[in-house]
Amino acid sequence: MITGTIVLRRICSSIKTFVIVCGMVLVANQTQAQTPKTYTSSEILLQLKKLNVLGSVLYIAAHPDDENTRLLAWLANEKLYRTGYLSLTRGDGGQNLIGDEQGLDLGLIRTQELLAARRVDGAEQFFSRAFDFGFSKSPEEALRIWGHDKILSDVVWVIRKFKPDVIITRFPTTGEGGHGHHTASAILAGEAFDAAADPAKFPEQLKYVSVWKAKRLLWNTFNFGSTNTQREDQFKVECGDYNAVLGKSYGEIAASSRSMHKSQGFGVPAQRGSVIEYFKTIKGDAPVNDLMDGVDLTWDRVNKDNITKKINSILKEYDVEHPEKSLSALVKLYGELDKVEDGYWKELKQAEIKKILEQCSGLFMEAVSNTQFVAQGDSMKITLTVNNRSGANILNADVQIDSTYVIFDQLQKNVNRIKTYTWNVAPDATLSQPYWLESQKEKGSFNVEDQQKIGKAESDPLSVTFSVLIDGREFTFRKPVWYKYTDPVKGELYEPVSVITPVFVGTAPSLVLFSSAVKGQQKTVKLVLQANKNINDSVQLSYNKSDQTVQAGSVAANMTKGEKRAYNITVTNSGLAENEVAQLNGVVNVKGIGQKQLLGQTRISYDHIPDIVYHRVDPVKLVNLDLKTEGNFAGYIPGAGDKIPEALEQMGYKVVTLKEADITPENLKQFDVIITGVRAYNTNEWMNNVYDALMQYVKDGGVLFVQYNTSNQIGPVRAKIAPYPFTITRNRITDEDAKVNFLLPDHRALNYPNVITAQDFEGWIQERSIYNAENTDTAYKKIISMKDPGENEQDGSVIIANYGKGRFVYSGLVFFRELPAGVPGAYRLFANLIANKRERYIK
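Now for a quick tour of the structure. Here the structure is a predicted model, which means the values were calculated and not measured. (Residues numbered from 1 in each chain as written. Predicted model: local features only at pLDDT ≥ 70, side-chain atom pairs only at ≥ 80, totals over all residues. Heavy atoms only, no water.)

1. Digging into the pattern of salt bridges
Close approach of charged atoms allows side chains with opposite charge to pair. We apply this condition: Just to be clear on terms, a salt bridge is a Lys or Arg side-chain nitrogen sitting within 4 Å of an Asp or Glu carboxyl oxygen. Secondary structure follows DSSP: runs of H or I at least 4 residues long count as helices, runs of E at least 2 residues long count as strands, and numbering of each begins at the N terminus. Think of it in three bands: residues with accessible area under 20% of the maximum for their type are buried, residues over 50% are exposed, and the middle band is partly exposed, with areas taken using a 1.4 Å probe on protein chains only.
Counting across every chain of the model gives 36 salt bridges. Put simply, Arg110 and Asp65 hold a salt bridge, and the shortest N to O gap is 2.6 Å. Residue Arg110 is located in helix 3 (residues 104–121), and its partner Asp65 is located in the loop between strand 3 (56–61) and helix 2 (69–77); the two are separated by 45 residues in the primary sequence. We classify Arg110 as buried; its relative accessible area is 3%. When the shortest N-O distance is used, the salt bridge between Lys453 and Glu438 registers 3.3 Å. Of this pair, Lys453 sits in the loop between strand 19 (417–424) and strand 20 (463–470) while Glu438 is found in the loop between strand 19 and strand 20, placing the two residues 15 residues apart along the sequence. Under the relative-accessibility criterion, Glu438 is labelled partly exposed at 23%. Because the salt bridges share partners, they merge into one network encompassing Glu67, Arg118 and Asp121.

Here is the structure:
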């Protein structure tokens, strides 16, 4: 047993997950956890045709799922333009329909959903450093919190680097997009359109890029519900065409692409038939006949019209059954581009040719590790495979790993050539981590020091370089190092390889509640130490709080790779003031390796995206508050996902998760309170089947507490919810500091068992409430009201009605955010709303 007054920084969300990695803020690798894409002969043909098109379009909006996937698919696959989508944020502040991930975790999921969508529609993906801090009702607020100049510089950077001929925004600057982020994205696009061409704006970027003036800025107008911004005098294009090469119409491709946004519930049916897109000119020359009016899309643009003839000749001779026959002509074409003076188009088109060469040749190149994680100072076995599957004119290859070369000679047709290499990872090797989380973020934005990383969708994976001689010319191909395994259901899967720290630790729980009335109260945190390589020296733990350090002594020695050792750490609330939330950090010192701050690893797995493995510093929260509860047995009906059960357990409740079969009048009698997870009535089609049982439970003296549900087409309410009618709206309070007025100050929910004051609404995060109630029956009591700046008071964030001997509560207050964050006042109010003791129910 190790005891101390301070606890280690929390590593794992559950003690069940003990894979921990060291890094500054968060380590993640979101590269494709799936079989790398192969290309059909028809897809190669489409890429060959694209070589003759020198045009690009950049689409700009605020979030994942804002983009017009049909238009992107049409631009990339019908017009064959280089097409990109710049999403200012990664969608970190949205709600999650498929799990309990929030904040940075949700942003990682939505990043991968966007990349999955781009793999479908053929566009490229970019991001700015803006953080999605939640719903905003004004562009002024969004730009203030993001940092106007910081995010404007990012948009300018992407424009200067991508060099779009046409820029298209999803939203207008006049507010019809509804969300403040939407309007802000349009404002920034307009400003960046001019600033990108001005050498006086962000001149530090000109070390890497040149100024760029796009031909025009267009707004892709829309018809969303009751908001129709399309007009017949606007420029129009037909985007519903059928692409015979791909075997789909753009409405079908768009549906597959948009359905990748599953965390937002955006699965849509495939569309076929004519679809018109509308555009309003914001800046630059208005198009008359084509989006690219006035833009030379041919090789005349770079004074190389002879290249067009060479590409047309390759297309004419292309053999769909033997694409390798085009290799010689493609190699010559690649060499012809060496003479192009325009560096942008030369680099872009040579990269496209190199990709086509790999596809046409059928050349298989792979680097696979025997482990998914390798510790600094350890080694891994790499299996290198080369196969000249088509028998193309490729006689040899080599692979560069660091400064070592592995040679493959005398390649034969469709014969696997396999070699192994032991890769010794340096003790100071760079740890795997996403670039936008290498430094501590600000409230409204990420900090990225390396200018060249800004705009990129994700971090580069650990890779090796294959060099091959194709028809007499050397070409290099950068390939990621994979950990490959076979799932009995999903088949062969690929995971990225991550460089991790030699030792890591896991703790549970992530949050500890203390009663401020009990001085020196003790609680226990479980700690699990694991070695990621053989450790022959002692491992020492210390715990930091502010400038104080507590040494726990040598807790482990001579650990073998993969070994785990568990310890219990005693923590107290000594030194914590009432309502104080302390964050405590852990440090491990391995003799001979040095001091390391510890991180935890968790895996997010969904079938529609690659597995996300992320690691982050996440301190244990010690919350010392004056909290009284009534009742101790709670039933929980899961919804889309939240962490309310963990919070209930810290409050002293025993929690039982309820399925449909559990919800019977007889079984429910044992519970003091039943709580439904967020969107439970949106995600569970069976809720209507248990309505009568829940109402009987309330009537007999129970408390039914319903968290928010949505009322739109994405998440329709699938069942009756309450004993009396009310309407769920899209109204919300986005100002987390909004003043709260007590409408019924003597109401039980504001006084028992905790007396609620204005202080209990301090320190809330992101927002106050969402999907508030309106049009309520007279049976409901509304106990509080609040408003966002410049708006009217809203009183529907909490509604309470007595029904029989019990009571029903609907709340849009965002307890699913506040309780995991350790907000003291949120716990006190939540305790009041669910307070109930069946044998001594208080009216």
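Alright, that's what it looks like, and here's the rest.
2. With respect to the sheet that holds strand 3
Put simply, the rule reads: If DSSP finds at least two bridges between two strands, the strands pair. Where helices are involved, their axes are fitted lines through C-alpha atoms of the stretch in contact, as for all axes, and angles between N-to-C directions lie from 0 to 180°.
Across the sheet, which stays open at both edges, the 7 strands sit in the order 5-4-3-6-7-13-10 with mixed pairing between neighbours. The open sheet has two edge strands with one neighbour each: strand 5 (124–127) and strand 10 (235–238). The sheet shows a mean angle of 30 degrees between the axes of neighbouring strands, direction not considered. Where strand 10 and strand 13 (residues 276–284) come together, 4 bridges link them in antiparallel fashion. Considered in strand 13, the bridge of Glu238 is made with Ile276.

3. With respect to the packing of aromatic side chains
We count it as follows: To pair, rings of Phe, Tyr and Trp, with the six-membered ring standing in for Trp, must have centres within 6.5 Å; the planes then decide the type, stacked if under 30 degrees apart, edge-to-face if over 60, and tilted in the middle.
Summed over all chains, the structure comprises 27 aromatic pairs. Between Phe633 and Phe671, the aromatic rings sit 4.7 Å apart at their centres with planes inclined by 45 degrees, giving tilted as the arrangement. Note that Phe633 is positioned in strand 35 (residues 633–637) and Phe671 in the loop between helix 12 (665–668) and strand 37 (673–676), a separation of 38 residues in sequence. Across this residue pair, the class does not change: Phe633 and Phe671 are buried. When the centroid spacing of 5.4 Å and the interplanar angle of 85 degrees are considered together, the rings of Phe705 and Phe830 count as edge-to-face. Remark: Phe830 occurs in helix 16 (residues 824–834) and Phe705 occurs in strand 38 (residues 703–706); sequence separation between them is 125 residues. Through pairs of rings, three or more aromatic residues link up here, namely Phe705, Phe742, Phe761, Trp764, Phe815 and Phe830.

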